[in-house]
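One letter stands for each residue in the lines below.
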Amino acid sequence: MNENNNAKEKPDNEVGDQRGLYVALLHYPVLKKDREVITTSLTPIDLHDISRTCLTYGVKEYGVINPLPTMQYLARRVTEFWHAGFGKEYNPTRWDAFRIVGVYGILDEFREKIEKENGEPPVLVATTARKWEKTIGFGELRQWLTQPGPPILLLFGSGWGLTEEFLRSCDWVLPPITGTGEYNHLSVRAAAAIILDRLVGDRNEK
């Protein structure tokens, strides 16, 4: 899925502009509980909550990826409600968050837009709740984001997560979020909030 072979090279430690950070929520290709590859339905709360988290942490755009025209229509209707009219007047902070939401049928559409905006394709960094090879640590990716280089596209999967084939196609995969026990079934909204805070949250607390 990603033909940018140079994306795996570590950036030089030069001082410069920070990389652009983008987030995508994929509804395909994802897994069902029985490991079947499916397309999941859009959940409006994922639009609301993840967009607010993304804006809080400086994400340039939150892309919602769903190949089903009915789901794209639903996503656009929800977004349009908050873009103008009563929705914008009723809750301006929600309008702020929805300004960074984009709806796409396939991931390549979003990737092409990011490349056009930045002049180079994004590095694809996937997330998973499963142990995976070819991982990049949260600390290392956090450092990457403070250095000049290609933009980072952070990928989340709905359902029971992104497929193994898709994960192998990405440049890097973040390790699973671990708590104090064996239970590991966070909602994608919670996972997005935790991961973004680890990557770009304020670490200068007194």
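Residues numbered from 1 in each chain as written. Predicted model: local features only at pLDDT ≥ 70, side-chain atom pairs only at ≥ 80, totals over all residues. Heavy atoms only, no water.

A. A look at helix α1 (residues 44–56). Taking 1.5 Å of rise per residue, 13 residues should cover 18 Å, and α1 covers 19 Å from first to last C-alpha, within 8% of that figure. Structurally, α1 contributes buried residues whose contacts are with β1 (21–26), β4 (61–65), α2 (69–83), α4 (92–98), β5 (101–104) and α8 (188–200). Looking one or two places after α1, you find Gly-58, whose phi comes out positive at around 75 degrees. (Helix = DSSP H or I, 4+ residues; strand = E, 2+ residues; numbered from the N terminus. Expected span 1.5 Å × (residues − 1). Contact = heavy atoms within 4.5 Å.)

B. Focus on the nonpolar core. With 37 residues, the main nonpolar core has Val-125, Leu-154 and Leu-174 as its most contacted residues. It is α8 that provides the largest number of residues to this core, a total of 6 residues. Ignoring any residue separated from it by four or fewer positions in sequence, one finds Leu-174 in contact with Val-125, Ala-126, Thr-127, Thr-128, Ile-136, Gly-137, Phe-138, Leu-141, Leu-154, Ile-195 and Leu-199. (Core = buried A, V, L, I, M, F, W, Y, C linked by side-chain atoms within 4.5 Å. Buried < 20%, exposed > 50% of the residue type's maximum accessible area, 1.4 Å probe, protein only.)

C. Representation of the pairing of β1 in the model. For β1, the tally of buried residues reaches 6 of 6 residues, placing the bulk of the element in the interior. Of the two faces of β1, the one carrying Leu-21, Val-23 and Leu-25 and the one carrying Tyr-22, Ala-24 and Leu-26 are both buried. Bridge count between β1 and β4: 5 bridges; the pairing is parallel. Its bridge partner being in β4, Tyr-22 is matched across the sheet by Glu-61. (Pairing = 2+ DSSP bridges.)

D. Inspection of the packing of aromatic side chains at higher detail. With the rule as written, the count across this model stands at 4 aromatic pairs. Taking the centre distance of 6.2 Å and the plane angle of 80 degrees together, the rings of Tyr-22 and Phe-110 count as edge-to-face. Remark: Phe-110 occurs in helix α5 (residues 107–118) and Tyr-22 occurs in strand β1; sequence separation between them is 88 residues. Looking at Phe-110, the relative accessible area reads 0%, which means it is buried. Ring geometry for Tyr-104 against Phe-110: centres 4.9 Å apart, planes inclined by 25 degrees, an arrangement best described as stacked. Comparing Tyr-104 with Phe-110 shows no difference in burial state: the two are buried. Sitting over the ring of Trp-95, Arg-99 keeps its end group 5.0 Å from the ring centre. (Phe/Tyr/Trp six-rings, centres within 6.5 Å; stacked < 30°, edge-to-face > 60°. Lys NZ or Arg CZ within 6 Å of the ring centre and 35° of its normal.)

E. Region of interest: the pairing of strand β7 (residues 152–157). With 6 of its 6 residues buried, β7 lies for the most part within the structure. As paired elements, β1 and β7 share 6 bridges and run parallel to each other. Residue pairing in the sheet places Leu-21 in a bridge with Ile-152 of β7. Pairing geometry for strand β6 (residues 123–126) and β7, over 4 bridges, is parallel. Following the sheet pairing, Val-125 is matched in β7 by Leu-154. In this view, the connection linking β6 to its parallel neighbour β7 by way of helix α6 (residues 138–144) has right-handed handedness. (Right-handed = clockwise from strand over helix to strand, strands pointing away.)

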